[in-house]
Amino acid sequence: MISGFRPAAGRFLSRSRTYTWNLRVYQVSRCDYHTDGRSRASNVWMPTKHISKMTEDGQIGDVNDLLIKGGFYRKAYAGIFHMLPLGLRVQEKLERLIDRHMQSLGASKVSLSSISSQELWEKSGRLKDNSEYFGFLDRKEARFLLAPTHEEEITTLVGSSAHSYKLLPIRLYQISRKYRDEPRPRQGLLRGREFIMKDLYTFDDNVENALQTYESVKSAYTRLFNELKIPYLTAAADSGNMGGNMSHEFHFISSKGEDTLISCNHCDSVYNEELTDGIAPSSPHSEQAGSAPGFDLEGKPAAASARVSTGVWTAISKDKRTLIRAWYPKFTVPEGSTKPVTREVNAHAVKAIVSAAGYDLDASIENPVLQWTAHIKSAKADRESSTERPQVLDVYDSHVHAYNRPPLKILEEAGCVIEDIECLRLDSFPKTNRKLSLTRVQDGDQCPKCTQGVLKTQTTVELGHTFHLGTRYSEVLKARIVNRENDRVPMQMGCHGIGVSRMITAVADSLADAKGLNWPKIIAPWEVVVVPAPGNQEDALGVYDLLVSDKASPIDVLLDDRDKTTGWKLGDADLIGYPVIVVVGNGWKTNRILEVQCRRLGIRQDVPEGELLPFVQSLLAQL
């Protein structure tokens, strides 16, 4: 109940009317909002739910659930989340960290509109029927989309105002909302339909300067990720749909990741599986194929000594004219071992091989055989296209026997005779005649680059990506400058992204344990929480003031002054994941001793009041 209610009355005169009012004045008996300048838990909305379920090994099963229980965000719709105060503090700290490192490059911050023109994306060639974008029409039927990235817009913007090499270099970055119509949103913020991203766009007058810029940005990324003090990997990567001929990725190792990184223990090369070229090592270790029925080069059953268990993976070209069949060993037996290693096809390797042979493979098409046979039937019905014979391209791993007459039962099912089909064979890399490797790397495989080391695979989450774009966008969008030779040339561009919102989940997943989250100091919602026992609330104010007293090296401190038991608040602190917890407990009244906890460093120690500040500072320096 609110106490102290009393009514009041009065009159207000104007030129035309007299107004009367009856005021109700309230006097609140207890103020729940403190305005003394201290950060208090009672002033922050933290709808936490204590942990109730864990996996059998004592770990948290789903970090997304943990972030929801910790009061960091709430799911609004599939792949769309509302950030709550704790989550927003983490996000804002991460953005400030990024700001600092981007500004160290001399980059200026901008904010581009989330709405982009579909026509602009058509000019760049990125607007396709299967593109994952949110498109819409305005009331005048103009076509727009919610931008998943901003290469087209930033190129148009800079191209309209920079016309001479004297105005370059230009470094522009933003931290903004992006949108992608994910067909299957999952893993919380790791794979969402709305997300926060930092993108830096660079413009230089020639290739040499652009590559120097690229290395500068890559170094800034390294310094940024080092500040998080979490192990990460930097890998050479495929530029994919972004374009360009050089790119690197920054990854956290995570079982929830969707990328596979491959590293060598000898030459220290690290690369994304997507970058696999499909070329077998020049001096491969002796490796035997599995002993299961196979065929020789004439299509006849092979001798027992040469038998191999063969799998086939299918895809079609984008024009649907060519069916690609990749033949690979289902398992192999490495040198010095009797244990077979199961093999899976690497679609990226197959795509690289057939692309080098002049075929544009689309690995995303579902039911490729059905779509290919349907195309054959429609082509036969269409007299204009009947002169183009459909093709079957057979691609062979070096561990399997190639067919001279491969089985074509699929043609009979499509109502075709073998004379209708052009059968092609590929068992070596175009132009080099190197043998092919169509399977995914397994731990212990030979490194194809140095041929001396062995490879290791790790599942990871991509957090940052740097691209040297060259003239991929400036050429088609006519962003040109007059260079030093007085020639009009397209600008050299770079694009460098960091997934801000997905990093929140990735960092949480890297450090969470059975008790809850465990943030690194640099992005924790607060670095230290002070938890007073009942009766020690006033004393806790002095502890708080002591911790924030060093203005030269300020500590971000929260006072948990909520009306809860000490045990409840400590459980909440573990769940939220503050790096350091300071308990004003029983030892304070008698000896002015405080208990300091740091779960990540395995520390739980009684510390005298006079030693508290330097001790906490030393802990934070390690986090």
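Residues numbered from 1 in each chain as written. Predicted model: local features only at pLDDT ≥ 70, side-chain atom pairs only at ≥ 80, totals over all residues. Heavy atoms only, no water.

Student: Quick question: what am I supposed to make of the overall build of the chain here?
Tutor: When helices and strands are tallied, the chain shows 13 helices and 31 strands. Residue burial in the chain is summarised as follows: out of 623 residues, 46% are buried. Sequence separation of at least 24 residues holds for 68% of the intrachain contacts in the chain that already meet a minimum separation of 6. Of the roughly 31300 Å² that the chain leaves accessible, carbon and sulfur atoms contribute 49%. (Helix = DSSP H or I, 4+ residues; strand = E, 2+ residues; numbered from the N terminus. Buried < 20%, exposed > 50% of the residue type's maximum accessible area, 1.4 Å probe, protein only. Contact = heavy atoms within 4.5 Å. Areas by Shrake-Rupley, 256 points an atom, 1.4 Å probe, with all protein chains shown as cover.)

Student: Which parts of the structure should I look at to understand the nonpolar core?
Tutor: By size, the foremost hydrophobic cluster in this structure holds 59 residues, and its most contacted members are Phe72, Phe225, Phe252, Leu517 and Trp519. A total of seven residues in this core trace back to one element, the largest contributor, which is helix H9 (residues 500–511). Leaving out residues up to four positions away in the same chain, Phe72 has contacts with Leu67, Met83, Leu84, Leu86, Gly87, Val90, Leu517, Trp519, Pro525 and Ile576. (Core = buried A, V, L, I, M, F, W, Y, C linked by side-chain atoms within 4.5 Å.)

Student: Help me understand the environment of Asn486 in this model?
Tutor: Here Asn486 lies in the loop between strand S24 (480–482) and strand S25 (488–490). Judged by relative accessible area, which is 62%, Asn486 ranks as exposed. Each C-alpha atom, one on Asn486 and one on Ser164, is 9.2 Å from the other, the two residues being 322 residues apart in sequence.

Student: I'm lost on the packing of helix H2 (residues 85–103) against H9 in this one. Help?
Tutor: The axes of two packed helices give the description: the angle between them and the distance between them. It is at 10 Å that the axes of H2 and H9 come closest, and there the two elements cross at 115 degrees. Accordingly, the angle class assigned to the pair H2 and H9 is roughly perpendicular. Crossing geometry of H2 relative to H9 is assigned as right-handed. Across the interface between the two elements, Gly87, Val90, Gln91, Leu94, Glu95 and Ile98 of H2 pack against Val500, Met503 and Ile504 of H9. (Axes fitted to C-alpha atoms, helices over the stretch in contact; angles between N-to-C directions. Parallel < 35°, antiparallel > 145°, perpendicular 65-115°, else oblique. Left-handed = near helix turned anticlockwise from the far one by under 90°.)

Student: Would you take a moment to explain the sheet that holds strand S7 (residues 134–137) for this structure?
Tutor: Taking strand neighbours across the sheet as the criterion, the three strands line up as S6-S8-S7 in an open arrangement whose pairing is antiparallel. Edge positions in the open sheet fall to strand S6 (115–117) and S7, since each of these has one partner strand only. Neighbouring strand axes in the sheet, compared pairwise and without regard to direction, differ in orientation by 35 degrees on average. (Pairing = 2+ DSSP bridges.)

Student: Explain the pattern of salt bridges here, please?
Tutor: As a working rule, side chains carrying opposite charge can pair if their charged atoms are close by. All told, the structure shown has 36 salt bridges when counted by the stated rule. A salt bridge links Arg177 to Glu194, with the shortest nitrogen-to-oxygen separation between them at 3.5 Å. Residue Arg177 is located in strand S9 (residues 170–179), and its partner Glu194 is located in strand S10 (residues 194–204); the two are separated by 17 residues in the primary sequence. Judged by relative accessible area, which is 41%, Arg177 ranks as partly exposed. In this structure, the salt-bridge partner of Arg191 is Glu182, at a minimum N-O distance of 2.8 Å. (Salt bridge = Lys/Arg side-chain N within 4 Å of Asp/Glu carboxyl O.)

Student: Explanation requested: the confidence of the model for the chain in the structure shown.
Tutor: The predicted coordinates ought not to be read in detail in places where the model reports low pLDDT. Overall, the predicted model of the chain reaches an average pLDDT of 84, with 82% of residues at or above 70. Per-element mean pLDDT across the chain ranges from 40 in strand S2 (residues 18–25) up to 98 in strand S5 (residues 108–109). Across residues 53–58 the pLDDT falls below 50, and counting only partners more than four positions away or on other chains, this stretch makes seven contacts in the model. Across residues 290–307, where pLDDT falls below 50, the model places 38 contacts with residues more than four positions away in sequence or in other chains. (pLDDT = per-residue confidence, 0-100.)

Student: Is there a simple way to think about the pairing of strand S12 (residues 246–253) in this case?
Tutor: Regular strands show a simple pattern: their side chains alternate between the two faces of the sheet. Burial of S12 is extensive: six of the eight residues sit out of reach of the surface. One ladder, built from eight bridges, connects S12 with strand S23 (residues 455–470); its direction is antiparallel. Residue pairing in the sheet places Phe250 in a bridge with Gly464 of S23.

Student: Would you mind showing me how to read the packing of aromatic side chains here?
Tutor: Under the definition given, this model contains nine aromatic pairs. An angle of 40 degrees between the planes, with centres 5.5 Å apart, marks the rings of Phe225 and Tyr232 as tilted. No difference in accessibility class separates Phe225 from Tyr232, as the two residues are buried. Taken together, the ring pairs connect Tyr221, Phe225, Tyr232, Phe250 and Phe252 into an aromatic cluster. If you follow Arg472 out to its NZ or CZ, it ends over the ring of Tyr473, 4.4 Å from the centre. Positioned over the ring face of Trp568 is Lys564, at 4.9 Å from the centre of the ring. (Phe/Tyr/Trp six-rings, centres within 6.5 Å; stacked < 30°, edge-to-face > 60°. Lys NZ or Arg CZ within 6 Å of the ring centre and 35° of its normal.)

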